[in-house]
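# Observations on the three-dimensional arrangement
Here is how the chains run, residue by residue.
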2 protein chains.
Amino acid sequence: MNMDIPTINALPYEDFVNIFGNVVEKCPIITAAIWSRRPFESLTDLEAAISQFIDALPESGKEGILRCHPDLAGRDLQSGTLTRESREEQAGAGMDALGPAEALRMARLNEDYKQRFGFPFVICARMNDKTRILQQLSERCQHERAVELERGVEEVKKVCRLRLQALVRTAASNKL
Amino acid sequence: MNMDIPTINALPYEDFVNIFGNVVEKCPIITAAIWSRRPFESLTDLEAAISQFIDALPESGKEGILRCHPDLAGRDLQSGTLTRESREEQAGAGMDALGPAEALRMARLNEDYKQRFGFPFVICARMNDKTRILQQLSERCQHERAVELERGVEEVKKVCRLRLQALVRTAASNKL
């Protein structure tokens with residue numbers, strides 16, 4: 001059973017941001033902004049409000065969203081400073097259990113990607129495994145910058161959808 | 001001696017966001033976005049880039065920024081979950097040492113303000129003391145919503161300026 005939409009619509013902004021503030025990694029401003037769009041008809045409608053907010057940002061704002069994301073299998077994973085959501089997602093895709101050669105390859109490709117585009121490689125880890133992530137990273141390094149900006153933002157939206165769905169289930173089981 | 005602007009302009013986005021990510025409270029996306037605007041001519045120019053980014057946001061985005069701010073003398077102060085910057089600013093203005101009557105008055109006015117406007121009362125604590133903050137909070141509760149949205153954003157910019165200046169001094173003394 002999920003937390004229902006009337007319950008979500010009745011949340012004061014502080015609770016709404018506490019619960020949903022990290023559906024876009026480290027961008028609680030987005031959650032906080034779309035609270036103004038209540039009432040939502042459904043979770044899909046809430047998700048659409050987030051997408052629309054992101055789409056309306058200038059290009060630098062979209063780049064800013066990507067730059068708030070950690071590298072996959074990067075410094076934050078190693079130093080334990082990932083957000084809870086990222087930690088779970090990266091672990092689920094095996095990013096915390098790379099062999100030495102895979103880890104080196106991942107680090108080099110991440111660096112290449114960032115050097116080339118000025119933002120990190122973002123992919124919805126829950127929809128991929130380690131092999132596919134390495135393959136995608138390698139391929140996407142070859143793209144045009146504009147293509148990758150758009151692609152990164154699309155991946156952010158996929159992550160957002162899965163985080164939203166998980167939170168609505170968790171909040172319901174906690175009898176919020 | 002301050003960290004000079006060529007040093008700032010040479011920072012990779014990860015370092016830039018690590019250092020300056022909280023100049024607007026809990027909105028690293030803003031810092032991350034304006035990295036795209038390098039090179040900056042001066043700290044004032046960097047600050048102007050932040051202001052322009054904020055000004056270009058839709059109304060909901062500006063509300064979102066305010067909603068990422070903690071209450072003064074509120075839950076986050078009591079539970080120790082303020083950001084470092086907020087904690088120092090609130091302590092400097094005496095928010096951690098209110099008498100019982102002042103604390104009650106502050107809590108009630110904060111609640112009134114949030115009920116009325118749908119975002120929290122934001123004021124640059126470093127430019128005010130406890131008496132002045134309570135007086136301003138009381139007065140500003142009476143304003144029109146649009147006036148308060150604009151006023152809150154102006155206060156965010158004042159906080160941002162002081163945080164930027166402090167960080168540039170600290171980073172220089174740490175020989176960044």
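Right, let's get into the overall build of chain A. Helices and strands together make up the secondary structure of chain A, namely ten helices and zero strands. Helices and strands appear in chain A in the N-to-C order α-α-α-α-α-α-α-α-α-α. Taking 16 Å as the expected radius of gyration for a compact globule of 176 residues, we find that chain A reaches 17 Å, a close match to that expectation. Its C-alpha atoms put chain A at 50 × 35 × 25 Å along the principal axes. Looking at chain A as a whole, 37% of its 176 residues qualify as buried. Restricting the contact set of chain A to residue pairs at least 6 apart, pairs at least 24 apart contribute 69%.

In this section: the interface of chain A and chain B. Counting residues at the interface gives 23 residues for chain A and 23 residues for chain B. At the level of elements, helix 2 (13–20), helix 3 (28–34) and helix 5 (59–67) of chain A are the ones that each hand at least two residues to the side of chain A that touches chain B. Looking at side-chain class alone, the side of chain A that touches chain B contains 14 nonpolar, five polar and four charged residues.

Another point: the relation of the copies chain A and chain B. Overlay of chain A on chain B (RMSD 0.0 Å): rotation 180°, translation along the axis 0.0 Å. Taken together, the turn and the small shift mark the pair as related by a two-fold rotation axis. Relative to the rotation axis, the closest C-alpha in chain A is found at cysteine 27 of chain A, a distance of 3.2 Å. Here 100% of the interface residues in chain A have copies in chain B that are interface residues too; the copies meet face to matching face.

Next up on the list: helix 5 (residues 59–67) of chain B. What sets the pattern is the α-helix's 3.6 residues per turn: residues three or four places apart point alike. For helix 5 of chain B, the tally of buried residues reaches seven of nine residues, placing the bulk of the element in the interior. Within the sequence span of helix 5 of chain B, burial applies to Gly61, Lys62, Glu63, Gly64, Ile65, Leu66 and Arg67 of chain B.

All right, on to the nonpolar core then. Within soluble globular proteins, side chains that are nonpolar generally end up buried alongside one another. Counting 84 residues, the largest nonpolar core has Ile29 and Ile50 of chain A together with Ile29 and Ile50 of chain B as its most contacted members. With residues up to four places along the chain from it excluded, the contact list for isoleucine 50 of chain B reads Val23, Val24, Ile30, Ile34 and Cys160 of chain B.

All names here are of chain B. Look at helix 8 (residues 100–117) against helix 9 (residues 130–140): their axes get within 10 Å of each other, and the N-to-C directions meet at 35°. In the crossing of helix 8 with helix 9, the sense of the turn from one axis to the other is left-handed. Contact residues: Glu102, Arg105, Met106, Leu109 and Tyr113 in helix 8; Lys130, Leu134, Leu137 and Ser138 in helix 9. Its residues assigned to classes, the contact of helix 8 with helix 9 comprises five nonpolar, one polar and three charged.

Before going further, it helps to spend a moment on unusual backbone geometry. Of note, the bond from arginine 38 of chain A into proline 39 of chain A is cis; its omega dihedral lies within 30 degrees of zero at -5°. Despite not being glycine, lysine 26 of chain A shows a phi value in the positive range, around 55°. Tracing the backbone shows lysine 26 of chain A in the loop between helix 2 and helix 3. Not every positive phi belongs to a glycine, and alanine 73 of chain B is a case in point at roughly 55°. Assignment of secondary structure puts alanine 73 of chain B in the loop between helix 5 and helix 6 (75–79).

About the thresholds
- Residues numbered from 1 in each chain as written.
- Chains lettered and ligands numbered in written order.
- Predicted model: local features only at pLDDT ≥ 70, side-chain atom pairs only at ≥ 80, totals over all residues.
- Helix = DSSP H or I, 4+ residues; strand = E, 2+ residues; numbered from the N terminus.
- Rg over C-alpha atoms; globule rule 2.2 N^0.38 Å.
- Buried ≥ 20, exposed ≤ 12 C-beta atoms within 10 Å, placed from the backbone.
- Contact = placed C-beta atoms within 7 Å.
- Nonpolar A, V, L, I, M, F, W, Y, C, P; charged D, E, K, R; others polar.
- Least-squares fit on C-alpha atoms with pLDDT ≥ 70 in both.
- Core = buried A, V, L, I, M, F, W, Y, C linked by C-beta atoms within 7 Å.
- Axes fitted to C-alpha atoms, helices over the stretch in contact; angles between N-to-C directions.
- Left-handed = near helix turned anticlockwise from the far one by under 90°.

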